[in-house]
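Chains, contacts and geometry: an overview
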Amino acid sequence: MSRKPIFAANWKMNKGPSETEDFVKSFLSKVQLQNLNCDVVIAPPFVSLAKLTEALHNHHGIQIAAQNCSQFDSGAYTGEVSVLMLREFFTHYVILGHSERRAIFGETDAVINAKIKKAREANLKPIFCIGETLAEREAGNLETVLRTQVNAGLEGVSEKDLGDIVIAYEPVWAIGTGVTATSEQAQEAHAFVRSLIADLYGPDAAAKIRIQYGGSVKPNNAAELMACPDIDGALIGGAALDPQSFLDIIRNGTAAE
Ligand code: PEP
């Protein structure tokens, strides 16, 4: 089963509209997108979505993601952004369940599940993040944590909708720390996540779903990670803030696939 790799930049709370425009100009000047045999996604802050849409107007090779969405449709939810609002910016993907949303903003598996379903109602493709903390790994709870997050996050999600979901395995101890999981650790976790999908949806769905690795991916470690059979691309934070570094990750990573 060949799965198209997907490389997504998660800019977090970085780059307002003018820096977004600068990034896109620089990135597009370096690359012929049609020559990249992968999906490329950029997730800017909400306020930069309009500028990203405008800056990419003729470049269909890059897809746009939001970093979050509301589980509600509309109404008295101060500070929230609905899936229908995101659709107006030609947003394709939405990152959900990121460990920063779980740890800092208290998002539970149930909230993440509600957001995944709401995103699918609007035909947004969730990038569904899961991953264990260092304490959980060291206590031998890796599989329990991943099983709980996958089962709860996908509760009630149909097999059809699963086809439009990407999973991002992001060990929390590797995010923004400069410490990357070894390719053996990453492959082992990815294979386990794929087995969880097989348990829930069967072997065909498991063979099709794309599972990205995230956690201190850099140009110099992308090839080794992406060469692993169950790793189908990367979700990249810090190293995707610079156009050349993001591009080098994509090039090194796709050469390895
Ligand atoms: C992330 O925030 O999803 C991430 C993987 O960050 P970094 O690449 O900086 O570790």
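Residues numbered from 1 in each chain as written. Predicted model: local features only at pLDDT ≥ 70, side-chain atom pairs only at ≥ 80, totals over all residues. Heavy atoms only, no water.

**Re the pattern of salt bridges**
Close approach of charged atoms lets side chains of opposite charge pair. Short version of the rule: We count a salt bridge whenever a side-chain nitrogen from Lys or Arg sits within 4 Å of a carboxyl oxygen from Asp or Glu. A run of DSSP states H or I qualifies as a helix once it reaches four residues; a run of E qualifies as a strand once it reaches two. Both are numbered from the N-terminal end.
In total, this model carries 16 salt bridges according to the counting rule given. Where Arg194 meets Asp230, a salt bridge forms, and the shortest distance between an N and an O atom there is 2.5 Å. Taken together, the residues span a long stretch of sequence, with Arg194 in helix H9 (residues 183-201) and Asp230 in the loop between helix H11 (219-226) and strand S8 (233-236) at a distance of 36 residues. Through salt bridges with shared partners, a single network forms among Arg3, Arg194, Asp230 and Asp232.

**What to know about the site of the ligand**
Going by this rule: In this text, near means that some heavy atom of the residue lies within 4 Å of the molecule or strand in question. Counting of polar contacts relies on pairs of N or O atoms within 3.5 Å, with two restrictions inside protein: one atom must be capable of donating a hydrogen and the other of accepting it, and residues adjacent in sequence are counted only when both atoms are side-chain atoms. Here the accessible surface of atoms and residues is derived via Shrake-Rupley with a 1.4 Å probe, and residues count as covered only by protein chains that are part of the display. For this classification, Asp, Glu, Lys and Arg are treated as charged, while Ala, Val, Leu, Ile, Met, Phe, Trp, Tyr, Cys and Pro are nonpolar and the rest, including Gly, are polar.
Neighbouring residues of the ligand: 14 residues in total, closest Lys12, Glu170, Gly176, Ser216 and Gly237. Between Ser216 and the ligand, the recorded distance is 2.8 Å, taken from a backbone N or O atom to an oxygen atom. Between the ligand and Gly237, the relevant distance is 2.8 Å, taken from an oxygen atom to a main-chain nitrogen or oxygen of the residue. Protein burial of the ligand: of its 290 Å² of free accessible surface, 97% is covered by the chains. Here the shell around the ligand is composed, by residue class, of four nonpolar, eight polar and two charged.

**Things to note about empty space enclosed by the protein**
To keep things clear, this is the line we draw: Any residue with an atom within 4 Å of a point lines the site, the site being either a cavity, points on a 1 Å grid over the protein atoms alone where a 1.4 Å probe fits but cannot get out, or a pocket, an open set with protein on both sides within 12 Å along at least 5 of 7 lines. Grid points are joined across faces, edges and corners, and a volume is the space filled by probe spheres set on the points.
Scanning the model with the defined rule gives one cavity of 30 Å³ or more in all. Of the pockets and cavities examined, the largest cavity occupies roughly 30 Å³. Lining the largest cavity are Gly97, His98, Ser99, Arg102, Cys129, Ile130, Gly131, Gln149 and Glu170. Breaking the lining of the largest cavity down by element, the ones donating at least two residues are helix H4 (99-104) and strand S5 (125-130). Tallied by class, residues from the lining of the largest cavity come to two nonpolar, five polar and two charged.

**A word on the pairing of strand S1 (residues 6-10)**
This is how the line gets drawn: The classification of residues rests on relative accessible area computed with a 1.4 Å probe and restricted to protein chains. Under 20% of the type maximum is buried, over 50% is exposed, and intermediate values are partly exposed. What makes two strands pair is DSSP finding at least two bridges between them.
With respect to burial, S1 is a largely interior element, five of its five residues being buried. The two faces of S1 match: Ile6, Ala8 and Asn10 on one face and Phe7 and Ala9 on the other face are all buried. Here five bridges tie S1 to strand S2 (residues 39-43), and the two strands are oriented parallel to one another. Along S2, the bridge assignment pairs Asn10 with Ala43. Across four bridges, S1 lies against S8 in parallel orientation. Residue Ala9 lies in a different strand from S8, and its bridge partner there is Ile236.

**Digging into the layout of surface pockets**
Counted as a void, the largest pocket has a volume near 450 Å³. Partitioned by chemical class, the residues of the lining of the largest pocket number seven nonpolar, five polar and four charged. Taken as a whole, the second largest pocket encloses approximately 260 Å³ of empty space. Lining the second largest pocket are 14 residues, with Leu162, Gly163, Asp164, Lys208 and Ile209 sitting closest to its centre. Residue assignment for the lining of the second largest pocket shows that the elements contributing at least two residues are helix H8 (159-162) and helix H10 (203-208). Residue contributions to the lining of the second largest pocket peak at three residues, all from H10. Taken together, the residues that form the lining of the second largest pocket break down as six nonpolar, one polar and seven charged.

**Quick word on the pairing of strand S3 (residues 62-66)**
Burial within S3 is extensive, with five of its five residues counted as buried. Burial of the side chains of S3 extends over both faces: Ile62, Ile64 and Ala66 are buried on one face and Gln63 and Ala65 on the other. Where S2 meets S3, three bridges bridge the pair, whose relative direction is parallel. Pairing of Val41 across the sheet is with Gln63, part of S3. Two strands pair when backbone bridges link them, and S3 and strand S4 (residues 93-96) are joined in this way by two bridges, in the parallel orientation. Bridge pairing in S4 links Ala66 to Val94.

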